[in-house]
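Residues per chain, in single letters:
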Amino acid sequence: MTDKGPRYRDTVLPFSLQPAAGSLTTFQLAPAPEVEETEEHTAGSPSKTEDDTSSSLQPRLLRKKRKETVYPSQDVTVVKANPNIGHPNGIKKNATEKEVWQKYRRFWESDQAGKGIVAHDNSIEHNIVVIKKFKMHASRGQQEQLLKVIGDKPPNIVHLQDVFVCDLSVYSVYESLESSLHHIQATCLQEITEIELAIIAKEVLQGMQYIHNELNVVYGQLCTRNVLLSFYDCSIKLANIADSILKPRRQSYSDDIHDIGTLLVSFKEPGTFRRNPRSLLLEKDDVSEHCKHFIQTTATSSLKELMNGQVD
């Protein structure tokens, strides 16, 4: 048998990790003397066979992971017998609260654009999610809208990954995002620039366009706490889309567009926003007149005009 290089406990090191010749001295350990067993096994203890002894000296091989999702207090046979337990992401109708926590394991309560439960799914990946509960009944039309959001995965909407429709409650499962405009505003040590305002306005307009044109609902909850950011793909997303679908707002589309202007004012000049929450006027002169004009036109322009830059 040829020597394959330096070893540690009979493990061959990769060539990239092998030390230079002569820098490491290896020793051959003397074989351990055989010890005769003098103690008899008790009636309840398993006997150690020759096969068990030889197998313990063999290297342990990696076993292929199961494809089935195994939940707490369940074995594989239960999962196979009940395919509804491991249902794919989508809308689970006539669900129970028990089924929610069979698929997800909760961690703690946290604030992601409002109170939610941080959890992970019981898959091999253990994806982190945020679960929110609504005490209400979802109509058939609302369920179809939720299913559309799950399937479309719009880039500027916080991804809705799962929905459990129970008798008198609805559980919505969102992706977990790291921060919000409110958090950035509270911790930022520098002034918000005009370029940053333009990026936020563009992303929010795209999210609002999907809500108005594809879902035909009013968002009605635009503020710095409900605009979330992902550090992984640097995207800006509107949160709590299930709220807008399940709890129709009294506002109009024009109110949503006006709120885009007040969002930019509150993010750039929070003091100005606190004095007049409906104001669209920036008091400082560190942005261009074009930026100020764009914010003011959110009171009169349509969503299409703002998207195309057709502002008077």
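Residue numbers restart at each chain and count upward from 1, following the sequence in its written direction. Local features in a predicted model are, by the rule used here, given only for residues with pLDDT of at least 70; side-chain atom pairs are given and counted only at 80 or more, and totals for whole chains, interfaces and linings are based on all residues. Heavy atoms from the whole structure form the basis of all side-chain values; hydrogens and water molecules are not counted.

## As for the pattern of salt bridges
Okay, so step 1: By definition here, a salt bridge exists when the distance from a side-chain nitrogen of Lys or Arg to a carboxyl oxygen of Asp or Glu is within 4 Å. Inspection of the entire model under this criterion finds 13 salt bridges.
Okay, so step 2: The residue R275 makes a salt bridge to E283 at a minimum N-O spacing of 2.8 Å.
Okay, so step 3: Exposure remark for E283: the relative accessible area of 53% places this residue in the exposed category.
Okay, so step 4: Taken together, the shared-partner salt bridges connect E191, K268, K284 and D286 into one network. Type-normalised accessible area, obtained with a 1.4 Å probe on protein chains alone, sets the label of each residue: buried when under 20%, exposed when over 50%, and partly exposed for intermediate values.

## Looking at the sheet that holds strand β11 (residues 236-238)
Okay, so step 1: Strands pair, by our definition, only if DSSP identifies at least two bridges between them. For helices the rule is a DSSP run of H or I covering at least 4 residues; for strands it is a run of E covering at least 2, with both sets numbered from the N terminus onward. Ordered by their spatial adjacency, three strands build an open sheet running β9-β10-β11, and the pairing between neighbours is antiparallel. At either margin of the open sheet sits one strand with a lone partner, and together these are β9 (179-180) and β11.
Okay, so step 2: Across three bridges, strand β10 (residues 227-229) lies against β11 in antiparallel orientation. By the bridge assignment for β11, L229 is matched with I236.
Okay, so step 3: Residue contacts are counted whenever heavy atoms from the two residues lie within 4.5 Å of one another. Here the axes come from fitting lines to C-alpha atoms, over the contacting stretch only for helices, and the angles between their N-to-C directions go from 0 to 180 degrees. Those strands touched by helix α6 (residues 194-215) are β10 and β11, and its axis lies near 35° from that of β11.

## Structural notes on the environment of G220
Okay, so step 1: Residue placement: G220 occurs in the loop between α6 and β10.
Okay, so step 2: The exposure class assigned to G220 is buried, which follows from its relative accessible area of 15%.
Okay, so step 3: Once the C-alpha coordinates of G220 and I257 are considered, the two residues, 37 residues apart in sequence, prove to be 9.8 Å apart.
Okay, so step 4: With near-sequence residues (within four places) excluded, G220 lies in contact with R249, Q251 and D256.

## Section: the sheet that holds strand β6 (residues 128-134)
Okay, so step 1: If you walk across this open sheet you meet the six strands as β3-β7-β8-β6-β5-β4, and the pairing is mixed. Sheet topology places β3 (91-92) and β4 (104-111) at the edges, where each strand pairs with a single neighbour.
Okay, so step 2: Judged from the seven bridges that link them, β4 and strand β5 (residues 115-121) form a sheet pairing that is antiparallel. Counterpart to S110 in the pairing with β5 is G116.

## As for α6
Okay, so step 1: Compared with the 32 Å implied by 1.5 Å per residue over 22 residues, the 31 Å span of α6 between its first and last C-alpha is a close match.
Okay, so step 2: Positive backbone phi, approximately 55°, marks N216, located one or two places after α6. The span you would expect from a helix comes to 1.5 Å times its residue count less one.

## Quick notes on unusual backbone geometry
Okay, so step 1: The phi dihedral of K153 falls on the positive side, at around 50°, and the residue is not glycine.
Okay, so step 2: On the secondary structure map, K153 appears in the loop between α4 (140-152) and β7 (160-165).

## Notes on the confidence of the model for the chain
Okay, so step 1: Here the chain averages 77 in pLDDT, while 71% of its residues score no lower than 70.
Okay, so step 2: You can read pLDDT as the predictor saying how much it trusts each residue, on a scale of 0 to 100. Residue range residues 5-19 is modelled with pLDDT below 50. Its contacts to residues more than four positions away, or to other chains, number 16 contacts.
Okay, so step 3: Taken as a whole, residues 37-46 scores under 50 in pLDDT and shows three contacts with residues more than four places along the chain or in a different chain.

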